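Residue-level listing of the chains:
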Amino acid sequence: MPPASKELVVAVIGYTGGVGTCLLKAMNQIHLKPFALVRSTTMRVGNDSDDSPVDFASLGERLLEEASKTNGGNAVPVIADVTASLAVQKRYTDWLRAGISVVTANKGIFAGKEANYQALLAASKEGGARILHETTVGAGLPVLGTIQGLVASSHQIQKVEGILSGTLAFVLGQVAGGKKTLSQAVKDAKFLGYTEPDPRDDLNGMDVARKAVILARLSGLTGIELGSMHIESLVPEPLRICSMDEFMKEMHLYDDELAKRVKDVEDSGGRLHYAAKVDVINKKVTVGLLSCEDSHPFNRAGPDNMVAITTNHYTRPLVVQGAGAGGDVTATGVLADILQCAYQ
Ligand SMILES: NC(=O)c1ccc[n+]([C@@H]2O[C@H](COP(=O)([O-])OP(=O)(O)OC[C@H]3O[C@@H](n4cnc5c(N)ncnc54)[C@H](OP(=O)(O)O)[C@@H]3O)[C@@H](O)[C@H]2O)c1
């Protein structure tokens, strides 16, 4: 029988941000009232009438105290981190060890050094607390939970492939069939607000690579570090350290190279995508342009994120597809993780 659901005592860190605002709205929809609200400099805890300066040690203590008083002590303290802050992530191990579950949309630590990631898992075990981060890959899409469920139920994961950047999916969609040059597609993406302020932060593939590390670790691979992976950047080498204006002006000089690759792949009946590929069998993770034959699910992804998981039982991959960014979908994904913490 599954364990019974417990009451939750929740602190939201980053409540004023894009995801945080949507998270409060979603919590309100299901009548889950946050116990504490924290932003970069101030916090308000319980029935305090005023904000006080942020004090993460005190936040943890207050949450534990409240959980011990709630429902005869049968409540679960949870911290939901919807910031991009390293300072907040540094607190995770202490909170977990103390028995506070952590739910987060912040991918930093999960894609960082494996030793730090392992320390986090060890702290979670020691404190009997959950650490859940579904929204660090594919926002609200059920990607990580699906992989964990497959592993736990004896599937052998063979391969995980993912289109994990909406921006790069848009750009590759625009250059497909020679519709546009790479430079024009990037300009259009920037104009439409689909890119980071400097589009090179999308085109260098680092965000996809971080998600690939997370997918690899959850698929059971060890020894995977960002620094030792092959990551193909779409930023031409000579334009990697110049100013953004210069990059935008000069990018067109390098259009032909990608146009030729697109044409070669399409002439042989396939399509080119920018994807992460976790090859569990050969213990290899690559990030970059991936040539996909006509039948590959990626050719039907459109602007969505898509993750295709191949296992010994799912020899045709199990596919998860949908919007891979956005405040509401990310916030509801965070909320789903918070609710998971009620079962422990
Ligand atoms: N948006 C998406 O589609 C999406 C998808 C998946 C994952 N995510 C992740 O979700 C997280 C939040 O993204 P966002 O777009 O909502 O960010 P955002 O709008 O920039 O909001 C950041 C929030 O974090 C707070 N904050 C910053 N530093 C802090 C600190 N040291 N201590 C406490 N609070 C701090 C800010 O408080 P102040 O108001 O005081 O500055 C603000 O409330 C990021 O890690 C992002 O990568 C986003």
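An unreviewed UniProt entry lists the protein chain under the name Homoserine dehydrogenase, with Helicotheca tamesis given as the organism. The annotation that UniProt attaches to the protein chain under Catalytic activity (unreviewed entry) is "L-homoserine + NADP(+) = L-aspartate 4-semialdehyde + NADPH + H(+)". The record in UniProt for the protein chain states the following under Cofactor (unreviewed entry): "a metal cation".

(A) The site of the ligand, seen in detail. Neighbouring residues of the ligand: 21 residues in total, closest Thr16, Val19, Ser40, Thr83 and Gly326. One of the backbone nitrogen or oxygen atoms of Thr83 is found 2.8 Å away from an oxygen atom of the ligand. Contact with the protein chains covers 68% of the free accessible surface of the ligand, which is 920 Å². Broken down by class, the residue content of the shell around the ligand amounts to nine nonpolar, eleven polar and one charged.

(B) Inspection of the pairing of strand β5 (residues 75-81) at higher detail. For β5, the buried fraction is high: seven of the seven residues fall into the buried class. Along β5, one buried face is formed by Ala75, Pro77, Ile79 and Asp81 and the opposite face, lined by Val76, Val78 and Ala80, is buried too. Relative to β5, strand β1 (residues 7-13) is paired through seven bridges, and the arrangement is parallel. Each residue of the ladder has a partner; that of Glu7, found in β5, is Ala75.

(C) Focus on the UniProt feature "binding site: NADP(+)" (unreviewed entry) in the protein chain. As annotated in UniProt, the feature "binding site: NADP(+)" (unreviewed entry) corresponds to Gly14, Tyr15, Thr16, Gly17, Gly18, Val19 and Gly20 in the numbering used here. Within the secondary structure, Tyr15 is located in the loop between β1 and α1 (18-29). With relative accessibility at 19%, the residue Tyr15 sits in the buried group. With residues up to four places along the chain from it excluded, the contact list for Tyr15 reads Gly20, Thr21, Leu24, Leu37, Val38 and Arg39.

(D) Focus on the UniProt feature "domain: Aspartate/homoserine dehydrogenase NAD-binding" (unreviewed entry) in the protein chain. According to UniProt, the positions carrying the feature "domain: Aspartate/homoserine dehydrogenase NAD-binding" (unreviewed entry) are residues 17-134. Each end of residues 17-134 is marked by a C-alpha atom, and these two atoms are 19 Å apart; helix forms 46% of the span and strand 19%.

Reading the values: rules and limits
- Residues numbered from 1 in each chain as written.
- Predicted model: local features only at pLDDT ≥ 70, side-chain atom pairs only at ≥ 80, totals over all residues.
- Heavy atoms only, no water.
- UniProt positions renumbered as here; feature names shortened; annotations may be inferred.
- Near = heavy atom within 4 Å.
- Polar contact = N/O pair within 3.5 Å; in protein donor to acceptor, adjacent residues only side chain to side chain.
- Areas by Shrake-Rupley, 256 points an atom, 1.4 Å probe, with all protein chains shown as cover.
- Nonpolar A, V, L, I, M, F, W, Y, C, P; charged D, E, K, R; others polar.
- Buried < 20%, exposed > 50% of the residue type's maximum accessible area, 1.4 Å probe, protein only.
- Helix = DSSP H or I, 4+ residues; strand = E, 2+ residues; numbered from the N terminus.
- Pairing = 2+ DSSP bridges.
- Contact = heavy atoms within 4.5 Å.

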